[in-house]
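Listed here are the chains, written in short residue letters.
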Amino acid sequence: FSGNRHNIASNNSSRYVFRYNQVVGQDSVRIYAMTDAHGYSSWPEGSRSYEIYENHYSSNATNPMRTAIGIRGGDGVIFNNSCTNQILRTIELSVEGFTCGSTYPGRDQILSLYIWHNESHDDLGYTTNGVCNNCSTSILLNRDYFINAQPNGYIPYTYPHPFRFLNPVTNIELEHNNLVTVSPNPFNNSFSIKSDKTIKNVLIINTQGKTILSIPANSTLVEVNNLQLSPGFYFVRANIEGVWITNKMFKQ
């Protein structure tokens, strides 16, 4: 991302994950936060949540950039981001939609933000522990945000995320996909996989990318029965003559 006012700008109950990106600032946008989350402003709701991690922030501007990550509302995690000293503030916290210190909690303000392992340049004088807090009377350390602490049970999404089908989809895969039927979808405890070609193997994978069941096969029809799975999305991958076909399924 290069030269955008905000590479991410969120609002209206938004939830986003921003990770493994190279973000480059330019003079035309140097006074803005390079990654942003709004509080309550021009939309009915502010940002709901965000996960910002493993990004690298740098700048080609002739003057310093203001902020890498600017948070004005919502909750989330910010960790393992690197930032050059051409950017004055790694993380900047603010309120939006109400006057600082006028009420607590303010509408859609930060209430549960965890920050750890981000590169900071406190020697430049704009941050403390890598964070610039513009409203410490409303956003209180160890009440509304936490430094060098992780939320209990938090696990980042698998990278690359399995919603990318684990492997790039090739033209060959698309041709084969037209010959595969997986039904019913949604399913309860059973479903079937049909193909005009021989199915060699079937994998069931959860949204964290973990294979939870591997089924050997050598048929054009595979019946999958008595699955004891929690409700939610799963990926069913079928190996058809050496080509992996992926279908997203929903367990009721």
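The following refers to the structure shown. (Residues numbered from 1 in each chain as written. Predicted model: local features only at pLDDT ≥ 70, side-chain atom pairs only at ≥ 80, totals over all residues. Heavy atoms only, no water.)

Some remarks on the overall build of the protein chain
The helix and strand inventory of the protein chain stands at 1 helix and 17 strands. Expected size for 252 residues packed as a compact globule is a radius of gyration near 18 Å; at 23 Å, the protein chain overshoots this value by more than 25%. Projecting the C-alpha coordinates of the protein chain onto the three principal axes gives extents of approximately 65 × 40 × 30 Å. Pairs at least 24 apart in sequence give 69% of the contacts found in the protein chain among residues at least 6 apart. Roughly 12900 Å² of accessible area belongs to the protein chain as shown, and the carbon and sulfur atoms make up 47% of that amount. Distance between charge centroids for the protein chain: 5 Å, based on 18 positive and 18 negative side chains. (Helix = DSSP H or I, 4+ residues; strand = E, 2+ residues; numbered from the N terminus. Rg over C-alpha atoms; globule rule 2.2 N^0.38 Å. Contact = heavy atoms within 4.5 Å. Areas by Shrake-Rupley, 256 points an atom, 1.4 Å probe, with all protein chains shown as cover. Lys, Arg positive; Asp, Glu negative; His and termini not counted. Charge placed at Lys NZ, Arg CZ, Asp CG, Glu CD.)

Describing the side chain of Glu92
Here Glu92 lies in strand E9 (residues 87–93). Setting aside its immediate chain neighbours within four residues, Glu92 contacts Arg66, Thr67, Ile69, Gly70, Ile71, Cys132 and Asn134.

Some remarks on the sheet that holds strand E11 (residues 131–133)
What the 4 strands build is an open sheet, ordered E3-E6-E9-E11; its pairing is parallel. Both edges of this open sheet fall to strand E3 (33–37) and E11, since each of them pairs with a single strand only. Ignoring which end each strand starts from, the neighbouring axes of this sheet average 30° apart. (Pairing = 2+ DSSP bridges. Axes fitted to C-alpha atoms, helices over the stretch in contact; angles between N-to-C directions.)

Regarding the nonpolar core
Ranked by internal contacts, the top residues of the largest apolar core, which has 29 residues, are Ile52, Tyr57, Ile71 and Leu93. Counting residues per element, the ones that place at least two in this core are strand E1 (15–19), E3, strand E4 (49–53), strand E6 (65–71), E9, strand E10 (113–116) and strand E12 (145–147). Of the residues forming this core, the biggest block, 4 residues, is contributed by E6. The contact partners of Ile52, leaving out residues within four places of it in the chain, are Tyr16, Phe18, Thr35, Tyr57, Ile69, Ile71, Val77, Ile78, Phe79 and Asn81. Counting residues in each nonpolar core, the second largest holds 21 residues, with Val202, Ile204, Leu229 and Ile245 among its members. (Core = buried A, V, L, I, M, F, W, Y, C linked by side-chain atoms within 4.5 Å. Buried < 20%, exposed > 50% of the residue type's maximum accessible area, 1.4 Å probe, protein only.)

Side note on the state of the cysteines
Taken as a whole and judged by the stated rule, the model has 1 disulfide. One disulfide in the model links Cys100 with Cys135; its S-S distance is 1.9 Å. Between Cys100 and Cys135, the S-S torsion sits near 100°, and that sign places the bridge as right-handed. Separated by 35 residues along the polypeptide, Cys100 in the loop between E9 and E10 and Cys135 in the loop between E11 and E12 bring together distant segments of the chain. No disulfide involves Cys83; its sulfur sits 13 Å from that of Cys132, the nearest cysteine. Between Cys132, a free cysteine, and Cys135, which holds the nearest cysteine sulfur, the sulfur-to-sulfur gap is 11 Å. (Disulfide = S-S within 2.5 Å.)

Focus: the pairing of E6
Counting buried positions over the 7 residues of E6 gives 6, a clear majority of the element. Both E3 and E6 contribute to a ladder of 4 bridges, which runs parallel. Within E6, the residue paired with Thr35 across the bridge is Ile69. Both E6 and E9 contribute to a ladder of 5 bridges, which runs parallel. Note on E9: the bridge partner recorded for Ile71 is Leu93.

Brief notes about the sheet that holds strand E2 (residues 22–25)
Where strands meet in a sheet, backbone hydrogen bonds hold them as pairs that are either parallel or antiparallel. Spatial ordering of the open sheet is given by E2-E5-E8, a layout of 3 strands whose pairing is parallel. Edge positions in the open sheet fall to E2 and strand E8 (82–83), since each of these has one partner strand only.

Some thoughts on the side chain of Ser138
For Ser138, the location among the structural elements is in the loop between E11 and E12. Exposure remark for Ser138: the relative accessible area of 0% places this residue in the buried category. The residues contacting Ser138, other than those within four sequence positions of it, are Val95, Phe98, Cys100, Gly101, Thr103, Tyr104, Gln109, Arg143 and Asp144.

Thoughts on the environment of Ser94
Residue position: Ser94 is located in the loop between E9 and E10. Judged by relative accessible area, which is 17%, Ser94 ranks as buried. Apart from the residues within four sequence positions on either side, Ser94 is in contact with Ile71, Arg72, Ile110, Asn134 and Ile139. In this structure the side chain of Ser94 is engaged in a polar contact, spanning 3.0 Å, whose partner is the side chain of Asn134. (Polar contact = N/O pair within 3.5 Å; in protein donor to acceptor, adjacent residues only side chain to side chain.)

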